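In case you want the letters, here they are:
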Amino acid sequence: MTGASPTASAAMTAGRLLSWADREEARRRRAQTWPLSTPPWAVSLALGIAVAAEVWRRGEATGDVAGALVVWTLSAGAAVTLAAMGAPFRLYWRRDAPLVLRTPIPGDVLFRAALWRSGRAGARAVLVALPGLAAVAAVADLPAAGRHGLL
């Protein structure tokens, strides 16, 4: 024995906690069948492409630019709402929460991990909104796309 504390080298950090949680989620996802095994970022990107296609269809094919803007606004609002409403789930109401909260992990590590997960959810909301915003820029004018982008 060298006298070094065993916890000094094995201290849990937010990065290590996220790495373990990501590995567990990937393992659970691989055990599912096709629709449930799709990575969340791929689902968000597919939804963004679907929104962009609908915005394009409404704006170009039917000439309903106002309807296209409404479709984009509602879809972006729904994506942001889902990201915001899911924020508490990223720390306390996850599948592995009872195990994680019983371990001697400092609260600041758990908080940083929850912030990182919330940032990921926000990035997935952007993946839903950004392709549709590009379609808004193509269908309407650039100032309208800029106003909607600020939204």
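1. Notes on the overall build of the protein chain
Tallying secondary structure elements over the protein chain gives seven helices and zero strands in all. Order of helices (α) and strands (β) in the protein chain, N terminus to C terminus: α-α-α-α-α-α-α. For the protein chain, the residues scored as buried account for 29% of the 151 residues in total. Of the contacts formed within the protein chain by residues at least 6 apart in sequence, a portion of 71% connects residues at least 24 apart. Approximately 9,800 Å² of the protein chain is accessible, and the part contributed by carbon and sulfur atoms is 69%.

2. So, the nonpolar core
Counting 15 residues, the largest nonpolar core has Val55, Trp72 and Val136 as the members making the most contacts within it. Tryptophan 72 has contacts with Val51, Val55, Ala129, Gly132, Leu133, Val136, His148, Gly149 and Leu151, leaving out every residue within four places of it along the chain. Formed by seven residues, the second largest nonpolar core is a distinct cluster that contains Ala14, Leu17, Val109 and Leu110.

3. A short note on helix H3 (residues 40-61)
Look at H3: 31 Å from first C-alpha to last across 22 residues, which is about the 32 Å you get at 1.5 Å a residue. Of the positions making up H3, those classed as buried are Ser44, Gly48, Val51, Ala52, Val55 and Gly59. Down the axis of H3, the buried set is contained in an arc of 100°. They therefore lie on one face. The outward face of H3, more than 90 degrees from its buried face, is lined by the exposed residues Ile49 and Ala61. In this structure, the buried side of H3 is in contact with helix H4 (65-85) and helix H6 (107-139). One or two residues past the end of H3 sits glycine 63, with phi positive at roughly 80°.

4. What to know about the packing of aromatic side chains
With the rule as written, the count across this model stands at zero aromatic pairs. Here the basic side chain of arginine 23 rests over the ring of tryptophan 20, its NZ or CZ set 4.8 Å away from the ring centre.

5. Let's talk about the side chain of serine 44
For serine 44, the position within the fold is in helix H3. Those residues in contact with serine 44, other than ones at most four positions away along the chain, are Arg124, Leu127 and Val128.

6. Let's talk about helix H7 (residues 142-150)
All of the buried residues in H7 are Ala144, Ala145 and His148. Projected down its long axis, H7 carries its buried residues within an arc of 100°, all on one side. Facing away from the buried side of H7 by over 90 degrees, the exposed positions are Leu142, Arg147 and Leu150. Residues of H7 that are buried sit in contact with H4 and H6.

7. Things to note about the packing of helix H2 (residues 14-30) against H6
At a minimum axis separation of 8 Å, H2 and H6 run at an interaxial angle of 55°. Of the possible angle classes, the one that applies to H2 and H6 is oblique. Taken as a pair, H2 and H6 cross one another with a handedness that is right-handed. Between H2, through Ala14, Leu17, Leu18, Ala21 and Asp22, and H6, the contact on the second element is made entirely by Val109, Leu110, Arg112, Ala113, Trp116, Arg117 and Arg120. By residue class, the composition of the contact of H2 with H6 is eight nonpolar, no polar and four charged.

Criteria and thresholds
Residue numbers restart at each chain and count upward from 1, following the sequence in its written direction. At least 70 in pLDDT is required for a residue's local features to be given in this predicted model, at least 80 for side-chain atom pairs to be given and counted, and no such filter applies to totals for whole chains, interfaces and linings, which use all residues. Side-chain descriptors were evaluated using all non-hydrogen atoms of the structure, hydrogens and water having been removed beforehand. Strands are runs of DSSP state E lasting at least 2 residues, helices are runs of H or I lasting at least 4, and numbering of each runs from the N terminus. Buried means the residue's accessible area, taken with a 1.4 Å probe over protein chains only, is under 20% of the maximum for its type, while exposed means over 50%, and partly exposed covers the values in between. What makes two residues a contact is simply this: any of their non-hydrogen atoms within 4.5 Å. Under the convention used here, a 1.4 Å probe and the Shrake-Rupley method define accessible areas, while residue burial counts only the protein chains that appear. The set of buried Ala, Val, Leu, Ile, Met, Phe, Trp, Tyr and Cys residues whose side-chain atoms join them within 4.5 Å is what this entry labels a nonpolar core. Here a helix's expected span is defined as the number of its residues, less one, multiplied by 1.5 Å. An arc is given here, and it is the one of the directions from the helix axis to the C-beta atoms. Pairing of aromatic side chains here covers Phe, Tyr and the six-membered ring of Trp, requires ring centres within 6.5 Å, and sorts the geometry by plane angle: under 30 degrees stacked, over 60 edge-to-face, intermediate tilted. In this scheme, the term charge over a ring applies when either NZ of a lysine or CZ of an arginine sits within 6 Å of the ring centre and within 35 degrees of the ring normal. Axis definition: a line fitted to C-alpha atoms, limited for helices to the stretch in contact. Angles are taken between N-to-C directions and run from 0 to 180 degrees. For this classification, under 35 degrees means roughly parallel, over 145 means roughly antiparallel, 65 to 115 means roughly perpendicular, and everything else is oblique. Less than a right angle of anticlockwise turn of the near helix away from the far helix marks a crossing as left-handed, whereas a clockwise turn marks it as right-handed. Note that Gly is not counted as nonpolar here; it falls among the polar residues with everything else outside the nonpolar set of Ala, Val, Leu, Ile, Met, Phe, Trp, Tyr, Cys and Pro and the charged set of Asp, Glu, Lys and Arg.

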